[in-house]
Amino acid sequence: MIDVYSWATPNGHKVHIMLEECGLRLNRDWRAIPVNIGQGDQFAPAFLKISPNNKIPALVDPNGPDGKPISLFESGAILVYLAGKTGKFMPKGDRAKFEVLQWLMFQMGGVGPMLGQAHHFRIYAPEKIEYGINRYTNEAKRLYGVMDKRLQSSPWIGGKSYSIADMAIFPWLRSWQNQGIDWADYPHLKAWFDTIAARPAVQKAVQVLADARKPLVDDKARHHLFGAGQLQKR
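The following paragraphs examine the structure supplied in this document.

What counts, and where the lines are drawn
- Along each chain, numbering runs from 1 in the same order as the chain's sequence is written.
- The model is predicted, so local features are restricted to residues of pLDDT at least 70 and side-chain atom pairs to those at 80 or more, both for listing and for counting; the totals for chains, interfaces and linings are taken over all residues.
- Note that the side-chain values use all heavy atoms of the structure and ignore hydrogens as well as water.
- The pairing criterion for strands is at least two bridges between them, as found by DSSP.
- For the purposes of this entry, the term helix denotes a DSSP run of H or I that reaches at least four residues, the term strand denotes a run of E that reaches at least two, and both are numbered from the N terminus.
- Between the N-to-C directions of two axes lies an angle of 0 to 180 degrees, each axis being a line fitted to C-alpha atoms and, for a helix, fitted only over the stretch in contact.
- Contacts: residue pairs with any heavy atoms within 4.5 Å of one another.
- Burial classes: relative accessible area under 20% of the type maximum marks a residue as buried, over 50% as exposed, and values in between as partly exposed (1.4 Å probe, protein chains only).
- Positive charge is attributed to Lys and Arg, negative charge to Asp and Glu, and no charge count is given to His or to the chain ends.
- Salt bridge, as used here: a side-chain nitrogen of Lys or Arg that lies within 4 Å of a carboxyl oxygen of Asp or Glu.
- Within 3.5 Å is the distance limit for a polar contact, defined as a pair of N or O atoms, with the added protein rule that one can donate a hydrogen and the other accept it, and that residues adjacent in sequence qualify only through two side-chain atoms.
- Handedness is read with the strands pointing away from the viewer; a crossover is right-handed when the path from the first strand over the helix to the second is clockwise.

## Some details on the sheet that holds strand 4 (residues 70-73)
Item 1. Spatially, four strands are ordered 2-1-3-4 in an open sheet, and the strand pairing comes out mixed. Of all the strands in the sheet, just strand 2 (30-34) and strand 4 have a single pairing partner and so form its edges. If you compare each strand with its neighbour and ignore which way they point, the axes differ by 20 degrees on average.
Item 2. Examined bridge by bridge, strand 3 (residues 58-61) and strand 4 share four bridges and lie antiparallel to one another. Across the sheet, residue valine 60 finds its bridge partner in strand 4, namely serine 71.
Item 3. Here helix 1 (residues 10-21) sits on the sheet in contact with strand 1 (2-6) and strand 2, set at roughly 155 degrees to strand 1.

## Some details on the side chain of aspartate 166
Item 1. Here aspartate 166 is to be found in helix 6 (residues 164-173).
Item 2. For the buried aspartate 166, which has no salt bridge, the nearest side chain bearing the opposite charge is arginine 150, at an N-O separation of 8.0 Å.
Item 3. From its side chain, aspartate 166 meets the backbone nitrogen of isoleucine 157 in a polar contact 2.9 Å long.

## Some thoughts on the pairing of strand 2
Item 1. Bridge count between strand 1 and strand 2: five bridges; the pairing is parallel. Its bridge partner lying in strand 2, isoleucine 2 is registered against tryptophan 30.
Item 2. With helix 1 bridging strand 1 and its parallel neighbour strand 2, the resulting β-α-β unit is right-handed.

## Topic: unusual backbone geometry
Item 1. In this model, isoleucine 56 is joined to proline 57 through a cis peptide bond whose omega is 0 degrees.
Item 2. Within the fold, proline 57 resides in the loop between helix 2 (45-50) and strand 3.
Item 3. Phi is positive for asparagine 27, close to 70 degrees, though the residue is something other than glycine.
Item 4. Since its relative accessible area comes to 59%, asparagine 27 is described here as exposed.

## A word on the environment of isoleucine 129
Item 1. Within the fold, isoleucine 129 resides in the loop between helix 4 (94-124) and helix 5 (130-153).
Item 2. Relative accessible area serves as the criterion here: at 39%, isoleucine 129 is assigned to the partly exposed category.
Item 3. Along the backbone, isoleucine 129 and leucine 48 are 81 residues apart, and their C-alpha atoms lie at a distance of 33 Å.

Structure follows, in structure tokens:
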């Protein structure tokens, strides 16, 4: 059974979605091991052995490529691994494969970090800093515009077929209201979003660990996520 160390966040959900879309069922083929990032579970020595950057998700597969256990951190790397392991949601041809990978990198380098900063300055920052709010809200809108334009000429973010690029981006857009977004400005992206949200596997996946997550606004959570607890050398 594959162990997924995770939490109910966009980066956690993208891996949950991939597993469910591949037909791998929770508590049959994989299990979700909660890492409560608001309580500091991500700093436990056992977790740091498989995720040295103290971020979720991380994966341990007892049946790796050579038949031996493999552990992975970074959600994008996990998606690529699962695509290779299952032969699903990644095109076989080089041209189409690299088209998907560029949009996966777009999520990892742009959508995730920038929307995360929008969440921080708009919701979690103890001080409402107008410059930070405006900078990352505007960047969120720019990124939404890039994706909306892409979907004017492509049925899916990564190309002709639903892929790990779509799975990587979708969970980040579920908090569109927190990012200052008006869906009316992005009709192609909204149609794409609604199509993915209606998929049964996606609906199952976004419920994984959702009941365990609480609002990350208390002092302890702030310490672990944004304060000295996050910055401590380990």
